[in-house]
Amino acid sequence: MSTADAPKKPRETDDVPVPATLRKSLKNRHIQLIALGGAIGTGLFYGSSESIALAGPSILLAYLVGGFAIFMIVRALSEMSVEDPKAGAFSYYATRYWSKRAGFISGWNYWFNYILVSMVELSVVGKFVNYWFPAIPTWVSAAVFLVIICAANLLGVSKFGEFEFWFAIIKIVAVIAMIVGGLAVIIFALPTASGIKASFANWFTLEGGFFPNGLMEQTKDGTWTGLLMALVVVMFSFGGTELIGITAGETEDPRRTIPRATNDIIWRILVFYIGALGVIMAVIPWNTIGGDDVPSPFVQIFDSVGIHAAAGILNFVCLTAVMSVYNSGLYANSRMLYSLAKQGNAPAYLGKLNAKGVPVAGVLTSAVITAIAVVVVFVWPEFAFNYLMSIATIAGIINWTMIMFTEMKFRKVVAAGGAPEDSELAGKSGKEALDAIQAAVRQSNPVGGIGVPDTGRGAHVLLRQLPRRRYRRRDLARHSLCGLPAHSGEEVRLHLRIALTDEHSVRAIRKWDLFMKQLIDADELNVGLRRRSIVDQ
């Protein structure tokens, strides 16, 4: 067949229809803010009062322990998402690297979990609207916001990313404003409503000290309190951080973006949870936080610095937080149904995409089921909150557990040479493949154009690589001096710094520079003595 007779490849401009696919339209700024906003919700703005009442100042330890656990879970998910970015994330990975049954359980469990979370968020959205418009029925508010968010998800993944970006900005600004306001009260010794001087010493000097309720104890009325009880509330507040994995299949550059979002979880938790609550308990005595009159510690902080419109501001922030949670939930559920359909674990109609790459059937199906769940809340509120939310908590724990088990299966398959063909692990096996996985998620995080190593890589360099690099540099110096007699120790040291700057932190190299200068100078002296000895002979 001649070239002229060969069939032409269809183009998007031809009349031949091009199969619809998921669009990789989420940019780096979207992913970073989605990851950041996913860790900040109404649980921080209002639920923190409950957790502080349970554990007192020791709640900071609960968030630290819970944050580390979440970091390990999301890090495990990130390892898979970087090498094999797919919609459905852990459900797809469970099917591919574990079994079809595991993928079925993981996917439907996650979908059901987010249906219940969305149910709660939509059922309370009316309370925030009633703050300004008390005459509007709560079910009307729930219906309006359901339609708005559903329509936004049907516009395409880029629109979802923009909505989440601005929702996250609002929440971040609110938390930072609270921290700055609280620090102003502490630094300038401003008077507080309680009459107690604002100080970080209040963590230890107020009633009960740092552990007022111990690890776990029962009060006179039979209620259990303590650090361990608060840990349950804390873990629930971290729900949604795994959304990073769901977005990997529609991210422009998942290999660069996903590790950044994952590795930044540590400082997000330190700043937005531990930092915020630490400042709150330094300004406001922990045993006076919350109550029916002022249910949120954020309102109390703003009141302390003279911003008496704090209740209205926080009401707006919480309204956007609720919309953000439902927006993320609908997105995650639609992609999960799409992935389940492609695996054969859900009806085939859920796997169809429109021209914009949106699984319309998944979006509409999830929205309708959520609407039914919201009706259940209004008809049987006690049943919905007492039983369904307990089930949602268990579903979240199951989801995190399955992610960890799936990651172990993933590593086993990759070590045996079964890595995805389109990933950078293709053709690798054993220790080489496992090391490549670690290298992918330990890459530096460019912030504002400056390479900032993540915590895992920093510890790796300081604890293991620097001693090895010391001997490599010493050997290289000796080789250079013997082979290039015209080069001085200073020139060799300059070449070494240039060669190693791209691979390691400049800060780490400078730390050893003085030591290496002495070492190279000593090597120069030894080489010179050896040459003089040869000449004398």
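Quick caveat, the model's predicted, so the values are computed rather than measured.

Thresholds applied
- Residues numbered from 1 in each chain as written.
- Predicted model: local features only at pLDDT ≥ 70, side-chain atom pairs only at ≥ 80, totals over all residues.
- Heavy atoms only, no water.
- Helix = DSSP H or I, 4+ residues; strand = E, 2+ residues; numbered from the N terminus.
- Buried < 20%, exposed > 50% of the residue type's maximum accessible area, 1.4 Å probe, protein only.
- Contact = heavy atoms within 4.5 Å.
- Areas by Shrake-Rupley, 256 points an atom, 1.4 Å probe, with all protein chains shown as cover.
- Axes fitted to C-alpha atoms, helices over the stretch in contact; angles between N-to-C directions.
- Parallel < 35°, antiparallel > 145°, perpendicular 65-115°, else oblique.
- Left-handed = near helix turned anticlockwise from the far one by under 90°.
- Nonpolar A, V, L, I, M, F, W, Y, C, P; charged D, E, K, R; others polar.
- Patch = residues over 30% accessible without salt bridge, like charges linked within 9 Å, V, L, I, M, F, W, Y side chains within 5 Å.
- Salt bridge = Lys/Arg side-chain N within 4 Å of Asp/Glu carboxyl O.
- Expected span 1.5 Å × (residues − 1).
- Bend = angle between axes of the 7 residues up to and from the residue.
- Core = buried A, V, L, I, M, F, W, Y, C linked by side-chain atoms within 4.5 Å.
- Phe/Tyr/Trp six-rings, centres within 6.5 Å; stacked < 30°, edge-to-face > 60°.
- Lys NZ or Arg CZ within 6 Å of the ring centre and 35° of its normal.
- pLDDT = per-residue confidence, 0-100.

A. Looking closely at the overall build of the chain. Each helix and strand in the chain was counted, giving 21 helices and four strands. Going through the 537 residues of the chain one by one, you find that 50% of them count as buried. Of the contacts made within the chain by residues no fewer than 6 positions apart, 75% connect residues no fewer than 24 positions apart. Summed over all atoms, the accessible surface of the chain reaches about 25700 Å², with 65% contributed by carbon and sulfur.

B. Focus on the packing of helix α5 (residues 90-97) against helix α15 (residues 310-343). Running from N to C, α5 and α15 point in directions that differ by 20 degrees, and their axes come no closer than 9 Å. With respect to each other, α5 and α15 are oriented roughly parallel. Note on packing geometry: the crossing formed by α5 with α15 is right-handed. When α5 is examined against α15, the residues F90, S91, Y92 and T95 are found in contact with a partner set consisting of M336, S339, L340 and Q343. The class makeup of the residues in the contact of α5 with α15 is four nonpolar, four polar and no charged.

C. Inspection of a nonpolar patch on the surface at higher detail. Judged by side-chain polarity, W139, V375, F378, V379, W380, F383 and Y387 come together as a nonpolar surface patch covering roughly 800 Å² of accessible area. Elements supplying a minimum of two residues to the nonpolar patch: α16 (360-379) and α17 (381-415). Looking at the nonpolar patch element by element, the count peaks at three residues for α16. Positionally, V375 belongs in helix α16.

D. Just helix α13 (residues 265-283), in detail. Here α13 contains 19 residues, and its C-alpha end-to-end distance of 26 Å stays within 8% of the 27 Å for a straight helix at 1.5 Å per residue. If you look at α13, its biggest bend is around 30 degrees, right at G275. For α13, the buried fraction is high: 14 of the 19 residues fall into the buried class.

E. Layout of the nonpolar core. Of all hydrophobic cores here, the largest spans 132 residues; its most connected members are F45, I59, V175 and I246. Tallying contributions element by element places α15 first for this core, with 16 residues. Once you skip the residues sitting within four places of it in the chain, I59 turns out to touch S51, I52, A230, V234 and M281.

F. View of the packing of aromatic side chains. According to the stated counting rule, one finds 18 aromatic pairs in the structure shown. Measuring from centroid to centroid gives 5.1 Å for Y97 and F410, while their planes differ by 80 degrees, and the two rings are edge-to-face. Of this pair, Y97 sits in helix α5 while F410 sits in helix α17, and the two are 313 residues apart along the sequence. The two residues Y97 and F410 agree in class, both being buried. Centroid distance F165 to W166: 5.1 Å. Interplanar angle 85 degrees. Geometry classified as edge-to-face. What makes F165 buried here is its relative accessible area of 12%. Clustering of aromatic rings is evident, with ring pairs tying together F200, W203, F204, F210 and F211. In this structure, R29 packs its charged tip against the face of F165, placed 4.8 Å from the ring centre.

G. Fine view of the environment of E121. You can see E121 is positioned in helix α6 (residues 100-130). A residue is classified by how much of its surface remains accessible, and E121, at 10% relative accessible area, is buried. For the pair E121 and V325, spaced 204 residues apart in sequence, the C-alpha to C-alpha distance is 7.3 Å.

H. Local environment of the pattern of salt bridges. With the rule as written, the count across this model stands at ten salt bridges. The salt bridge involving R411 is made with E79; its shortest N-O contact spans 3.2 Å. Of this pair, R411 sits in helix α17 while E79 sits in helix α4 (residues 59-83); the two residues are 332 residues apart in sequence, bridging distant segments of the chain. Looking at R411, the relative accessible area reads 21%, which means it is partly exposed. As a salt-bridge pair, D435 and K431 come within 2.8 Å of each other at their nearest N and O atoms. Of the two residues, D435 and K431 are both situated in helix α18 (residues 430-441); the distance of four residues between them amounts to about one turn of the helix. We classify K431 as exposed; its relative accessible area is 63%. Through salt bridges with shared partners, a single network forms among E79, E407 and R411.

I. Spotlight on the packing of helix α3 (residues 47-55) against helix α10 (residues 227-237). At a closest axis distance of 8 Å, the pairing of α3 and α10 adopts a crossing angle of 165 degrees. In terms of their interaxial angle, α3 and α10 are classed as roughly antiparallel. Judged by the twist between their axes, the crossing of α3 over α10 is left-handed. Where α3 approaches α10, its residues E50, S51, L54 and A55 are matched on the opposing element by L227, M229, A230 and V233. Considered class by class, the residues forming the contact of α3 with α10 number six nonpolar, one polar and one charged.

J. Representation of the environment of A310. By the element assignment, A310 lies in helix α15. Judged by relative accessible area, which is 0%, A310 ranks as buried. Residue contacts for A310: discarding those within four places in its chain leaves V299, F302 and D303.

K. Focus on the confidence of the model for the chain. Put simply, the chain has an average pLDDT of 76, and 76% of its residues get 70 or more. A low-confidence stretch, residues 1-19 stays under pLDDT 50, and its non-local contacts, those more than four residues away or across chains, total seven contacts. For the stretch residues 529-537, pLDDT sits under 50, and the model shows four contacts to residues farther than four places along the chain or on other chains.

L. Layout of α18. In this model α18 runs 18 Å from its N-terminal to its C-terminal C-alpha over twelve residues, within 8% of the 16 Å that 1.5 Å per residue would give. Of all the positions in α18, only A433, A436, I437, Q438, A440 and V441 are classed as buried.

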